[in-house]
Amino acid sequence: MHLHTVIVGAGISGLLLARILHDHGARVTVLEKSRGFGGRLSTKRVGDAVFDQGAQYFTVKDPRFAAWVEKWERAGLVAPWPGTEPTRYIGRPSMTAVPKALAEGLDVKREHKVTALGCCGDHWCVDVENHGCMRAERLILTAPVPQCLAMLKAGDFVVPEPLLSRLRAVSYDPCLALLVTVAGRTRLPATGLRREHGAIRWAADNQAKGVSPNVTAVTLHLSPEFSAAHYGRTEAEVLDLVRAEAEELIGAPIVGATLHRWKFSHVRETFPEPFVWWPEESLGFAGDAFGGPKVEGAAISAISLAERVKEELDAEG
Ligand SMILES: Cc1cc2nc3c(=O)[nH]c(=O)nc-3n(C[C@H](O)[C@H](O)[C@H](O)COP(=O)(O)OP(=O)(O)OC[C@H]3O[C@@H](n4cnc5c(N)ncnc54)[C@H](O)[C@@H]3O)c2cc1C
């Protein structure tokens, strides 16, 4: 019987790792603090309006990721975004399609927030809010790095130098996502609009994208500078600040707005290697902080660490 592997985080990296290790015969449990699958691949429903509120699309360069994307495309979970060159892929019906499919048949415990990670002799004690302690012989962390370090600190686990300093150097930009419904049609390009200036960095019409069939629903991502400066403001305050710019871009009046705060959105400073594996402690780190600051980077990190862990599984027999 293989040792129990616990993965913290059900984003694309945690789920891909879990899928690969499970399919290789490992005993894997994924712990996820939120109610959904996908982490920063996230879809929000507000009434009849549907929004991709995190990653908007992904690109593919590495053949190891391309092999997965081909499978997802054949299964109808992703499709090229018509009119994009080089090709951008979008989820069908939304960006959470792939995480949901990856999670099928896996032991993924949602609404399980890990609060502390401590080393107890030959195994890990994983403290989960309202659920007590879970034992793990192998631990893989895919949450944003500052959150992983906080969990280890809360469990009195000391990460030695120089690894600690290298992990602490990883940093992320915040992103305020303003999800708005508008009266009538938008004049946004069907493949979204990226801007270099102003408070709004990205605007996409989820109806044109096929995500929100019945309601005109627009995702607005505000710039890192604006998001950092106004992170603590209320929904109404943020809307007030960007309404004129937004309506000018969209070409229609805003009738409803919901604010989502991404404290850790894009990785600004990445770790120099695609994953961390520490065999003496059976502890690993993966995610976009390691493989590169996008969906593909997170996936490559997961695929690379999975290859390393598979060697150990093979040795366990
Ligand atoms: C606004 C925004 C726009 C983006 N746009 C794009 C884009 O267009 N294209 C692109 O390629 N990439 C984009 N990205 C980046 C992309 O979404 C990420 O690089 C990728 O999804 C990261 O995946 P991950 O698995 O590494 O991390 P995550 O998706 O963050 O997964 C980590 C998981 O850990 C969970 N977690 C955290 N703490 C705990 C805890 N204590 N206990 C249990 N679980 C915990 C989280 O809830 C989360 O589900 C965007 C990101 C954001 C936020």
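Residues numbered from 1 in each chain as written. Predicted model: local features only at pLDDT ≥ 70, side-chain atom pairs only at ≥ 80, totals over all residues.

Novice: Which residues make up the site of the ligand, and what are the values?
Specialist: Lining the immediate surroundings of the ligand are 38 residues, of which Gly 9, Gly 11, Gly 39, Gly 287 and Lys 294 lie closest. Counting residues domain by domain, the shell around the ligand receives three or more from each of domain 1 (4-41 + 95-170 + 270-316) and domain 2 (171-268). (Near = placed C-beta within 6 Å. Domains from an automatic or database assignment.)

Novice: Before we move on, can you summarise unusual backbone geometry with the specific residues and values?
Specialist: In this structure, Pro 86 follows Glu 85 across a cis peptide bond, with omega equal to -5 degrees. Turning to its location among the elements, Pro 86 is positioned in the loop between strand S5 (78-80) and strand S6 (89-91). A cis amide bond links Arg 92 with the next residue in sequence, Pro 93, at an omega value of 5 degrees. Turning to its location among the elements, Pro 93 is positioned in the loop between S6 and helix H3 (97-103). Not every positive phi belongs to a glycine, and Asn 130 is a case in point at roughly 65 degrees. Here Asn 130 lies in the loop between strand S9 (123-128) and strand S10 (132-136). (Helix = DSSP H or I, 4+ residues; strand = E, 2+ residues; numbered from the N terminus.)

Novice: I'd like to hear about the packing of helix H2 (residues 63-74) against helix H10 (residues 295-316), residue by residue, with values.
Specialist: Packing of H2 against H10 brings their axes to within 9 Å, and their N-to-C directions diverge by 105 degrees. Viewed along their axes, H2 and H10 adopt a mutual orientation that is roughly perpendicular. Contact residues: Arg 64, Phe 65 and Trp 68 in H2; Glu 296, Ala 299, Ile 300 and Ile 303 in H10. A class-by-class count of the residues in the contact of H2 with H10 yields 5 nonpolar, no polar and 2 charged. (Axes fitted to C-alpha atoms, helices over the stretch in contact; angles between N-to-C directions. Parallel < 35°, antiparallel > 145°, perpendicular 65-115°, else oblique. Contact = placed C-beta atoms within 7 Å. Nonpolar A, V, L, I, M, F, W, Y, C, P; charged D, E, K, R; others polar.)

Novice: Any details on the sheet that holds strand S15 (residues 217-222)? Residues and values, ideally.
Specialist: Paired through their backbone hydrogen bonds, the strands of a sheet run either parallel or antiparallel. Taken together, the 5 strands give an open sheet; going across it, the order is S13-S14-S15-S12-S16, and neighbouring strands pair in antiparallel fashion. Lying at the two open borders of the sheet, with one neighbouring strand each, are strand S13 (193-194) and strand S16 (254-269). Bridge count for strand S12 (residues 171-182) against S15 is 5 bridges, and the pairing is antiparallel. Paired with Val 180 across the strands is Val 218, a residue of S15. Across the sheet, helix H8 (residues 235-250) is in contact with S12, S13, strand S14 (200-205), S15 and S16; its angle to S16 comes to roughly 95 degrees. (Pairing = 2+ DSSP bridges.)

Novice: Which residues make up H10, and what values go with them?
Specialist: Taking 1.5 Å per residue as the helical rise, H10 with its 22 residues ought to reach 32 Å, and the 31 Å between its terminal C-alpha atoms agrees with that figure. Positive backbone phi, at 80 degrees, marks Gly 317, one or two positions downstream of H10. (Expected span 1.5 Å × (residues − 1).)

Novice: Pulling in residues and values, what's your account of the environment of Ala 183?
Specialist: Relative to the elements of secondary structure, Ala 183 occurs in the loop between S12 and S13. Along the primary structure Ala 183 and Pro 253 are separated by 70 residues, whereas in three dimensions their C-alpha atoms are 5.8 Å apart.

Novice: Tell me about the pairing of S15, and name the residues and values.
Specialist: Of all 6 residues making up S15, 6 are buried, and the element is well covered by its neighbours. Residue alternation in S15 divides its side chains into two sets, Ala 217, Thr 219 and His 221 and Val 218, Leu 220 and Leu 222, and both sets are buried. Here S14 runs beside S15; their pairing, made up of 5 bridges, is antiparallel. Bridge pairing links Ala 204 to Thr 219 in S15. (Buried ≥ 20, exposed ≤ 12 C-beta atoms within 10 Å, placed from the backbone.)

Novice: Now, about the sheet that holds strand S7 (residues 107-109): what can you tell me, with residues and values included?
Specialist: Taken together, the 6 strands give an open sheet; going across it, the order is S7-S2-S1-S11-S18-S17, and neighbouring strands pair in mixed fashion. Each edge of the open sheet carries a strand with a single partner, namely S7 and strand S17 (276-278). Across the sheet, the mean angle separating the axes of adjacent strands is 15 degrees when strand polarity is ignored. Inspection of the sheet shows strand S2 (residues 27-31) paired to S7 by 3 bridges, in the parallel sense. By the bridge assignment for S7, Val 30 is matched with Val 108.

Novice: Got a sec to walk through the packing of helix H1 (residues 12-23) against H10? Specific residues and values, please.
Specialist: Each pair of packed helices can be described by the angle between their axes along with the distance between the axes. Where H1 meets H10, the axes come as close as 8 Å, and the angle between the chain directions of the two elements is 30 degrees. One element, H1, and the other, H10, form an angle in the roughly parallel class. Here the hand of the crossing between H1 and H10 comes out right-handed. From H1, Ile 12, Ser 13, Leu 16, Leu 17, Ile 20 and Leu 21 reach across to H10, where they touch Val 295, Ala 298, Ala 299, Ser 301, Ala 302, Ile 303, Leu 305, Ala 306 and Val 309. (Left-handed = near helix turned anticlockwise from the far one by under 90°.)

Novice: Describe H2, naming the residues involved and giving the relevant values.
Specialist: For H2, with 12 residues, the first-to-last C-alpha span of 16 Å sits near the 16 Å given by 1.5 Å per residue. For H2, the set of buried residues is Phe 65, Trp 68 and Val 69. Relative to the axis of H2, the buried residues are bounded by an arc of 100 degrees and lie together on one face. Among the exposed residues of H2, those oriented more than 90 degrees off its buried face are Pro 63, Ala 66, Ala 67, Glu 70 and Arg 74. Each element contacted by the buried residues of H2 is listed here: S5, S6 and H10. Just beyond H2, the residue with positive phi is Gly 76, at close to 75 degrees. (Arc of directions from axis to C-beta.)

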